[in-house]
Amino acid sequence: MPVARPEQQQPRVIAHVDMDCFYVQVEQRRNPALRGQPTAVVQYNDWKGGGLIAVSYEARGFGVKRSMRGDEAKRVCPGINLVQVPVARDKADLNLYRSAGSEVVAILASKGKCERASIDEVYLDLTDAAKEMLLQAPPDSPEEIFMEAAKSNILGLPSDASEKEKNVRAWLCRSDADYQDKLLACGAIIVAQLRVRVLEETQFTCSAGIAHNKMLAKLVSGMHKPAQQTVVPSSSVQDFLASLPVKKMKQLGGKLGSSLQDDLGVETIGDLLSFTKEKLQEQYGVNTGTWLWKIARGISGEEVEDRLLPKSHGCGKTFPGPKALKNSTSVKGWLDQLCDELSERIQSDLNQNKRIAQTLTLHARASKENERDLAKKFPSKSCPLRYGTGKIQEDAMKLFESGLQDFLESQNTGWIITSLSVTASKIFDIPSGTSSILRYIKGHSPAASPAIPDSSSVPEDPSLGDVP
DNA sequence: TACGGTCACACT
DNA sequence: TAGTGTGAC
């Protein structure tokens, strides 16, 4: 599944910034009494105290894990504060965390190309900024910033010494360093500066990795947490990867990683070096085989995309065990709720970002009554997206009915639904400037079934004739 | 499948 | 294309 990209030839400076237990920090900012205390964020709490989705470092000290339920967390850490995710329309509402994530992205995007990788992670391409710093102001910056940079962890530097910070300062300023290391040192200073700004302006701490590509930056951003950063000089890459367990590598946490272990006996990334490119390609196909061969050597050409906003919006909910939905009426009720939220989210995307979504997709999970038939999957269905809550609800229900027909294959058995979700995708920018939003929408919609917003979502423009 | 709700992306 | 599957957090 992963695929190799042609690698850049000139050295780049890439950072991966990762917010520390982000949802907890958002709640701690809202309620400062929670600061410094064992805290976790849970969603729902009627069943075993709810599921943990973020855990503070104090709570982790007690052995609290993200895979636990609230009750279990209370058992290992009786003093823990469990904060509930807001609920709206009878489902978890993550908007608070989404907007907090946007605050952070707005700051991080100021120094170079910035890619929102998830609600609490970004990649930065700091190559140009680092080169510029190197050109005019060799590693020497305001003491406040340099102090933060001096706390960096440099992979391959002796870290146990009491002299650590002195060593790091020396590394950052080393005049005999090669060009690549000097760029990384500048990157480390820039990232330190950004992290200080994030803290000052949002009260959130984050950790970061700085390296020559995304893969390495991502690998180390979580190595020293919380509120720290880690640098990967080229000279330390091979030793680092040699002992890295395959499962730690992004993309190898699942079946592919298991296959490497079980089928090839590969336990660490270093073990991969003993396989030829041809052997890996034979085992996993040209694309994945080539990718594996490269990552074993620390090579990754994946670029940082210039994207601050998500490419799709989805709303979903699971109905586990006895909560499963058993008839069309309850499905309709929940679908209406999900579509209501989705409609609100794409409407604010349109208003705030001038972006429009073109496809509506419905996903569901289903089982047939009393039967052990786990194999048959409920098919996903999609259609052109029409703006307006009512339209979305209507279309989503039609998609469900169509999917249900395929699922049942004209058998007359009962069914239950254990999860539902609706997603808006194929989101495009509306070119700013000339003419109105409507002209664009009408002119560029699929001919067969145009995604024309209803009058409640986008005002009609009477001056506009029919589309060309 | 009682690890939820969202995301991205490769493949066909 | 629409739909499937994997993987991450």
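Structural notes, computed from the coordinates. (Residues numbered from 1 in each chain as written. Chains lettered and ligands numbered in written order. Predicted model: local features only at pLDDT ≥ 70, side-chain atom pairs only at ≥ 80, totals over all residues. Heavy atoms only, no water.)

Structural notes on the protein's contact with DNA strand B
How we decide: Think of it this way: one heavy atom of a residue within 4 Å of a molecule or strand is enough to make that residue near it. Two N or O atoms form a polar contact when they lie within 3.5 Å of each other; inside protein one atom must be a possible hydrogen donor and the other a possible acceptor, and for residues adjacent in sequence the pair counts only when both atoms belong to side chains. Secondary structure is summarised from DSSP: a helix means a run of H or I of at least four residues, a strand means a run of E of at least two, and numbering begins at the N terminus for each. Basically, the charged four are Asp, Glu, Lys and Arg, the nonpolar ten are Ala, Val, Leu, Ile, Met, Phe, Trp, Tyr, Cys and Pro, and anything else, Gly included, counts as polar.
Neighbouring DNA strand B are 29 residues; R5, K91, K311, G314 and R365 lie closest to it. Close to the protein, within 4 Å, the atoms of DNA strand B are drawn from sugar and phosphate at a rate of 73%. A distance of 2.9 Å separates a phosphate oxygen of DNA strand B from a polar atom in the side chain of R98. Here a phosphate oxygen of DNA strand B and a side-chain polar atom of R345 are 2.7 Å apart. With six residues, strand β12 (residues 313-318) is the single largest residue contributor to the surface near DNA strand B. Class assignment for the residues of the surface near DNA strand B results in eleven nonpolar, nine polar and nine charged.

Focus: the packing of aromatic side chains
To keep things clear, this is the line we draw: In this scheme Phe, Tyr and Trp rings, the latter by its six-membered ring, pair at centre separations within 6.5 Å, and the angle between planes marks the pair as stacked below 30 degrees, edge-to-face above 60, and tilted otherwise. Burial here depends on accessible area, computed with a 1.4 Å probe over protein chains only, as a share of the maximum for the residue type. Under 20% is buried, over 50% is exposed, and the range in between is partly exposed.
Scanning all chains against the criterion turns up seven aromatic pairs. Here the aromatic rings of F22 and F204 are separated by 5.4 Å at their centres, their planes lie at 80°, and the arrangement is edge-to-face. With a gap of 182 residues between them, F22 in helix α1 (residues 22-30) and F204 in the loop between α8 (179-202) and β10 (206-211) connect regions that are remote in the sequence. Assessed through its relative accessible area of 3%, F22 is described here as buried. Where F378 meets F407, the ring centres are 5.8 Å apart and the plane angle is 35°; that geometry is what we call tilted. Of this pair, F378 sits in the loop between β13 (355-368) and β14 (381-384) while F407 sits in helix α14 (residues 389-408), and the two are 29 residues apart along the sequence. For F378, a relative accessible area of 7% gives the class buried.

A short note on the protein's contact with DNA strand C
Close to DNA strand C lie 18 residues; M1, K218, K255, S380 and S382 are nearest. Atoms of DNA strand C within 4 Å of the protein belong to the sugar or the phosphate in 86% of instances, the rest to bases. Residue S382 places a main-chain N or O atom 2.8 Å away from a phosphate oxygen belonging to DNA strand C. Listed by contribution, the elements that provide at least two residues to the surface near DNA strand C are α11 (255-264) and β14. Looking at the surface near DNA strand C, its residues break down into five nonpolar, five polar and eight charged.

Looking at the pattern of salt bridges
Rule in force here: Within this document, salt bridges are pairs made up of a side-chain nitrogen of Lys or Arg and a carboxyl oxygen of Asp or Glu, the two lying within 4 Å of each other.
Evaluated as defined, the whole model comprises 26 salt bridges. K381 serves as the salt-bridge partner of D406, at 2.6 Å between the closest nitrogen and oxygen. Here the residue D406 occupies a position in helix α14, and K381 occupies one in strand β14, the gap between them amounting to 25 residues. Note that R386 and E394 form a salt bridge whose closest N and O atoms lie 3.6 Å from each other. Its relative accessible area of 23% is what places R386 among the partly exposed residues. It is possible to trace a salt-bridge network through shared partners that takes in R386, E394, D395 and K398.

Some points on the pairing of β10
Keep this limit in mind: In this scheme, strands are said to pair when DSSP sees at least two bridges between them. Consider the strands pointing away from the viewer: the crossover is right-handed when the path from the first strand over the helix to the second runs clockwise.
Among the six residues that make up β10, six are buried, leaving the element largely enclosed by the rest of the structure. Alternating positions in β10 separate into two faces, C206, A208 and I210 on one and S207, G209 and A211 on the other, with burial throughout. Two elements, strand β1 (residues 14-19) and β10, share six bridges in a ladder whose sense is antiparallel. Residue pairing for β10: I14 is matched across the bridge by A211. Strand direction decides the pairing type here: β10 and strand β11 (residues 229-231), joined by three bridges, are parallel. Counted as the bridge partner of A208 is Q229 from β11. Of the crossover connections in this fold, the one passing from β10 over helix α9 (residues 214-221) to the parallel β11 is left-handed.

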